[in-house]
Amino acid sequence: MYNSTEHRQSTGVASSPGRGTFTGFGARHVEGVAVSRWVAAVCFVIAGALVVAFGHWWGLVFFVAAALNGSLAYLVPHWNPPRNTLNNAKRSV
């Protein structure tokens, strides 16, 4: 029979809280993805402000998207610290 954990055991990759949520590209280029998320958050704020200024209440949805992108831009680099830092070396011992 197929064991559901067989693949994880064979790859030797430890699971992390964000694993499976983000792509491999995002894992390799954490800072670049964070900057693009900040830019997207600013664009969502501008779009939301324009739509709300013209009297459409549904423009508030853009602020929710901006909050999500801003929070992910701040949190994701902290979830994936660089592998070669001194603190990580101390934790692995």
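The structure displayed is predicted, hence computed values, not measured ones.

Conventions adopted
- Residues numbered from 1 in each chain as written.
- Predicted model: local features only at pLDDT ≥ 70, side-chain atom pairs only at ≥ 80, totals over all residues.
- Heavy atoms only, no water.
- Phe/Tyr/Trp six-rings, centres within 6.5 Å; stacked < 30°, edge-to-face > 60°.
- Helix = DSSP H or I, 4+ residues; strand = E, 2+ residues; numbered from the N terminus.
- Buried < 20%, exposed > 50% of the residue type's maximum accessible area, 1.4 Å probe, protein only.
- Patch = residues over 30% accessible without salt bridge, like charges linked within 9 Å, V, L, I, M, F, W, Y side chains within 5 Å.
- Areas by Shrake-Rupley, 256 points an atom, 1.4 Å probe, with all protein chains shown as cover.
- Salt bridge = Lys/Arg side-chain N within 4 Å of Asp/Glu carboxyl O.
- Contact = heavy atoms within 4.5 Å.

## Structural notes on the packing of aromatic side chains
1) Next: Under the criterion given, the structure shown has 2 aromatic pairs.
2) Next: Where Phe44 meets Phe62, the ring centres are 6.2 Å apart and the plane angle is 35°; that geometry is what we call tilted. Taken together, the residues span a long stretch of sequence, with Phe44 in helix 3 (residues 30-53) and Phe62 in helix 4 (residues 60-79) at a distance of 18 residues.
3) Next: Judged by its relative accessible area of 26%, Phe44 is partly exposed.

## Some details on a nonpolar patch on the surface
1) Next: On the surface, a cluster of nonpolar side chains totalling about 440 Å² of accessible area is made up of Trp38, Tyr74, Leu75 and Trp79.
2) Next: For the nonpolar patch, the element with the most residues is helix 4, which contributes 3 residues.
3) Next: As for its placement among the helices and strands, Trp38 is situated in helix 3.

## Some points on the environment of Val51
1) Next: Inspection of the secondary structure puts Val51 in helix 3.
2) Next: Expressed as a C-alpha distance, the spacing of Val51 and Phe62, which sit 11 residues apart in the sequence, is 9.0 Å.
3) Next: Contacts of Val51, omitting those with residues within four sequence positions, involve His56, Trp58, Gly59 and Phe62.

## Structural notes on the environment of Val33
1) Next: For Val33, the position within the fold is in helix 3.
2) Next: For the pair Val33 and Ala73, spaced 40 residues apart in sequence, the C-alpha separation works out to 7.5 Å.
3) Next: For Val33, the residues in contact, after removing those within four places along its chain, are Phe25 and Gly26.

## A few points about the environment of Ala65
1) Next: Relative to the assigned elements, Ala65 resides in helix 4.
2) Next: Residue classification places Ala65 among the partly exposed residues on the basis of a relative accessible area of 23%.
3) Next: In the structure, Ala65 is positioned 17 residues away from Gly48 in sequence and 9.5 Å away in space, judged by C-alpha atoms.

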